[in-house]
Amino acid sequence: MEGNILVLLCKLEQIFMPTFFDLMEHLPIHLVYGARVGGLVQYRWMYPFERYKTSNHLYTITLYMLTNVKNKARVEASICEAYLVEETSTFASFYYPNKIETRRTRIPHNVDSGEGSSSIPPISIFVESYLHIYTEFLRELNPTASDAEIDSDISSTFPTWFKQYVLNSENNIQDSLLVNLAWGPKRKVESWPMYIINGYKFHTIV
């Protein structure tokens, strides 16, 4: 049988076009040898098949293997090498730091950078020093004020004082982030035809 398969494929190559011969036509060459060496045990290594199992898992496995074939003259070598490289790289990726991007840690296409990856510190870091200045200013105006009264004044009047303090040219504040923060929110509304939140893409009507 092993010899007849080779002769049969040679005869088929004289009849059909080269595009007819893919992995499925090449696979019978190794079936007899695999059964003779490994014994009559079906699917001796089940994990590759279980991983890509779907409703039509045979087609999925075949398509996956065909995508790994780079050298048509050595079909089986291309498949084995590609599969071992993928298994080895996936196993090794579990020991990489999180900052190294791999297939396992790659951010999906529709996921934005998020707050954790931003290089800009929180706004509270910038405002904290000015909040301390304003607190001392309130205590100088009213030394007998309690902490609750100071907190109430900060909640109601700090934004106005902060704007006047930052925009005052005598204080020489050049930080653009603080200047924009002092101006407060814009009165104009900007709109976009599309936005992405938590990996979901939304299209708006403008």
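All of these numbers come straight from a predicted model, not from anything done at the bench.

Q: Which residues make up the overall build of the chain, and what are the values?
A: Of the regular secondary structure elements, the chain holds nine helices and two strands. For the chain, the N- to C-terminal ordering of α and β elements is α-α-α-α-α-α-α-α-α-β-β. Intrachain contacts of the chain at a sequence separation of at least 6 include 40% that bridge at least 24 residues. Per element, the accessible surface of the chain, about 17,000 Å² overall, is 60% carbon and sulfur.

Q: Explain helix α8 (residues 147–167) to me, using residue names and the numbers behind them.
A: Three- or four-residue spacings in an α-helix give side chains the same orientation, since the helix completes a turn every 3.6 residues. In a regular helix each residue adds 1.5 Å, so 21 residues correspond to 30 Å; α8 covers 28 Å between its end C-alpha atoms and thus fits that length. At Thr-157, α8 shows its maximal bend, which comes to roughly 60°, and the proline Pro-159 appears one to four places after that position. Every buried residue belonging to α8 is among Ile-150, Ile-154, Phe-158, Trp-161, Phe-162 and Val-166, and all of these are buried.

Q: If you had to explain a nonpolar patch on the surface to someone new, which residues and values would you point to?
A: Residues Tyr-195, Ile-197, Tyr-200 and Phe-202 make up a contiguous nonpolar surface patch of roughly 420 Å² in combined accessible area. Elements represented by at least two residues in the nonpolar patch include exactly β1 (194–197) and β2 (200–203). Relative to the elements of secondary structure, Ile-197 occurs in strand β1.

Q: Describe the pairing of β2, naming the residues involved and giving the relevant values.
A: Direction of pairing for β1 relative to β2: antiparallel, over a ladder of four bridges. Residue pairing across strands places Ile-197 opposite Tyr-200, the latter belonging to β2. Two successive antiparallel strands, β1 and β2, enclose a turn made up of two residues, where Asn-198 displays a positive phi of approximately 55°.

Q: Outline the confidence of the model for the chain, listing residues and values.
A: With 76% of its residues at a pLDDT of 70 or more, the chain has an overall mean of 75. Here residues 114–118 is a poorly scored stretch, pLDDT under 50, and it has zero contacts once near neighbours within four places are set aside; other chains count.

Q: Can you tell me about unusual backbone geometry, naming the residues and giving the values?
A: Keep in mind that most residues, glycine aside, have a negative phi and that most peptide bonds are trans. A positive phi is found at Asn-172, a non-glycine position, where the angle reads about 55°. Assignment of secondary structure puts Asn-172 in the loop between α8 and α9 (176–183). Among the residues examined, Asn-172 registers a relative accessible area of 54% and is labelled exposed.

Calculation notes
Residues numbered from 1 in each chain as written. Predicted model: local features only at pLDDT ≥ 70, side-chain atom pairs only at ≥ 80, totals over all residues. Heavy atoms only, no water. Helix = DSSP H or I, 4+ residues; strand = E, 2+ residues; numbered from the N terminus. Contact = heavy atoms within 4.5 Å. Areas by Shrake-Rupley, 256 points an atom, 1.4 Å probe, with all protein chains shown as cover. Expected span 1.5 Å × (residues − 1). Bend = angle between axes of the 7 residues up to and from the residue. Buried < 20%, exposed > 50% of the residue type's maximum accessible area, 1.4 Å probe, protein only. Patch = residues over 30% accessible without salt bridge, like charges linked within 9 Å, V, L, I, M, F, W, Y side chains within 5 Å. Salt bridge = Lys/Arg side-chain N within 4 Å of Asp/Glu carboxyl O. Pairing = 2+ DSSP bridges. pLDDT = per-residue confidence, 0-100.

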